[in-house]
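Listed here are the chains, written in short residue letters.
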Amino acid sequence: MTASPRIPGRRFLQSPGPSPVPDEVLHAMARQPMDMGDPRVDETIAACEAGLRRLLHTETADVFFYATNGHGAWEVAVENLLPPGAAVLIPGTGHFSESWAVQTEALGRRVVRTPWHPGWPINLDDVAQALRDDAAREIVAVFAVHTDTASGITSDMAALRAAIDATGHPALLVVDAVASAGCTRVAMHELRADVVLGASQKGLMTPPGVGWLAVDAQAAAVAARNPAPRFYWDWRLRQSPLSYRKFCGTPPQTLMAGLATAFGLIELEGAEEVFARHRRLSRAVQAAVGVWAEGGALGFFAQDPASRSVSVTSISVPEGTDVDALRAVARNRFGVALAGGLGPLQGKAFRIGHLGDSNAATILGCLGAVQAALQVQGIPIGQGALQRAVDSLVDGD
Ligand SMILES: *Cc1c(COP(=O)(O)O)cnc(C)c1O
């Protein structure tokens, strides 16, 4: 294997996860492991629990951290909530809803899907219809992806909850906030979400390796009645004051130290300001993409501007575009790592992540580099995109 060339200066990681890690978080992780009797282990974990509860606006939910990633957190929800053969409703949002559905089926549960409408958020009429059709009440839960990182689209979870309630169906609501927590408001009880799950490496600005879930009393009661065999993921076994039990073994201390610091950074800036910053930066990106699109080649994958996420923008490219070549030029020549299209969007889109530890300078640098890469690749773009992004940042709230 040949080593990749070193790229001087700061490389920009504009992928929607893993996202850039702040220096404070890196420094917090530069430490020796601690023995399990060291009180700092418990303190670190307690700081993460408190930080997550504050971020999700809950005092009462149980919170669980796992040495895993987002897929592991999905599996936690499946194994705890769904008896073997039970059914779950997964509204179509694109790549991530489908991946969760495939994983759920592989674990021996049934999945009712509502269709994915490419370019659009979750269709609430489809969800209501699927729940009304479930006269036998076999659907235990609705597993909903808040921000689908492949499409760059955020679905309205409050509206989804209202649509579920309007049918009178008792299904739990499980929200995948992997790409939205720390980027936009996810207030668990306000949404009446029964479970919210996520991971460390997106809006929470920590390297990959920790998955988490917040679980309300209804969901805990459903899990307590579930006879499915389970161990590592089992919420009941992790209900303990002992750190070793909470993690079913040695906690990923180093990552938890980083995560505790990341929660501290969010609180120092103020969660509302963090969300406002995400709105400002995403608007600047969208302003630039809107101008590029005037060249006739590029476009927003998300059709409704209101559903465009504050975390990531998915940009569609014309048939025949070599997205990997575009990404290689952006990375190797201009120092910016972009994401490609995922699943059905592979080869049809590229994505700019703007979540987590970003500011106006990094976003403007990223947009300049992307524009340079588009130009090198001969992709036609409208002129004046960077000025429009600057204007958006200058005029923004
Ligand atoms: C990234 C992501 C996942 C999967 O997380 P991994 O840590 O890669 O397993 C799940 N859901 C959403 C919305 C994501 O963005």
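For the structure itself, consult the block above.
The rules behind each value
Numbering of residues starts from 1 in each chain and follows the order in which that chain's sequence is written. In keeping with the predicted nature of the model, local features appear solely for residues at pLDDT of at least 70, side-chain atom pairs appear and are counted solely at 80 or more, and the whole-chain, interface and lining totals rest on all residues. With hydrogens and water stripped out, all remaining heavy atoms of the structure feed into the side-chain values. Neighbouring residues are identified by heavy atoms, a residue being near a molecule or strand if any of them is within 4 Å of it. The term polar contact refers here to a pair of N or O atoms within 3.5 Å; inside protein, the definition further demands a hydrogen-donor-capable atom paired with an acceptor-capable atom, and it admits residues adjacent in sequence only when both atoms are side-chain atoms. Computed with the Shrake-Rupley method and a 1.4 Å probe, the accessible areas treat only the protein chains shown as cover for residues. Put simply, DSSP marks the helices as runs of H or I at least four residues long and the strands as runs of E at least two long, and each gets a number from the N terminus on. All residues other than Ala, Val, Leu, Ile, Met, Phe, Trp, Tyr, Cys, Pro, Asp, Glu, Lys and Arg, Gly among them, are scored as polar; the first ten of these are nonpolar and the last four charged. The span you would expect from a helix comes to 1.5 Å times its residue count less one. Any residue under 20% of the maximum accessible area for its type is buried, any over 50% is exposed, and the rest in between are partly exposed; the area is computed with a 1.4 Å probe on protein chains only. Contact criterion: two residues are considered in contact whenever any of their non-hydrogen atoms come within 4.5 Å of each other.

S.K.: Break down the site of the ligand for me, citing the residues and quoting the values.
M.R.: Surveying the vicinity of the ligand reveals 13 residues, the closest of which are His-71, Thr-149, Asp-176, Gln-201 and Lys-202. In the environment of the ligand, an oxygen atom lies 2.5 Å from a nitrogen or oxygen atom belonging to the side chain of His-71. Alone, the ligand offers 380 Å² of accessible surface; in the complex the protein occludes 90% of this. When residues of the shell around the ligand are assigned to their parent elements, the largest contribution, three residues, is made by helix α3 (residues 70–81). Split by residue class, the shell around the ligand holds five nonpolar, six polar and two charged.

S.K.: Quick one: what's the story with unusual backbone geometry, residue by residue and with numbers?
M.R.: Omega for the bond connecting Gly-17 with Pro-18 falls within 30 degrees of zero, at -5°, which places this linkage in the cis form. Tracing the chain through its elements places Pro-18 in the loop between β1 (12–13) and α1 (23–29). Phi angles above zero are rare outside glycine, and Arg-137 is one such case at about 55°. With respect to the element layout, Arg-137 can be found in the loop between α5 (124–133) and β5 (139–145).

S.K.: Would you mind going over helix α12 (residues 360–376) in detail, with residue names and values included?
M.R.: Along an α-helix, residues three or four positions apart point the same way, because every turn accommodates 3.6 residues. With 17 residues, α12 extends 24 Å from end C-alpha to end C-alpha; this agrees with the ideal 24 Å at 1.5 Å per step. Inspection of α12 places Thr-362, Ile-363, Cys-366, Leu-367, Ala-369, Val-370, Gln-371, Ala-373 and Leu-374 among the buried residues, and these make up the whole buried set. In the core, the buried residues of α12 are packed alongside β1, α10 (271–293), α11 (323–332), β13 (336–337), β15 (349–353) and α13 (385–395). Of the residues that open α12, the one with a side-chain oxygen 3.0 Å from the backbone nitrogen of Ala-361 is Asn-359. Once α12 finishes, Gly-378 follows within two positions and takes phi at roughly 70°, a positive value.

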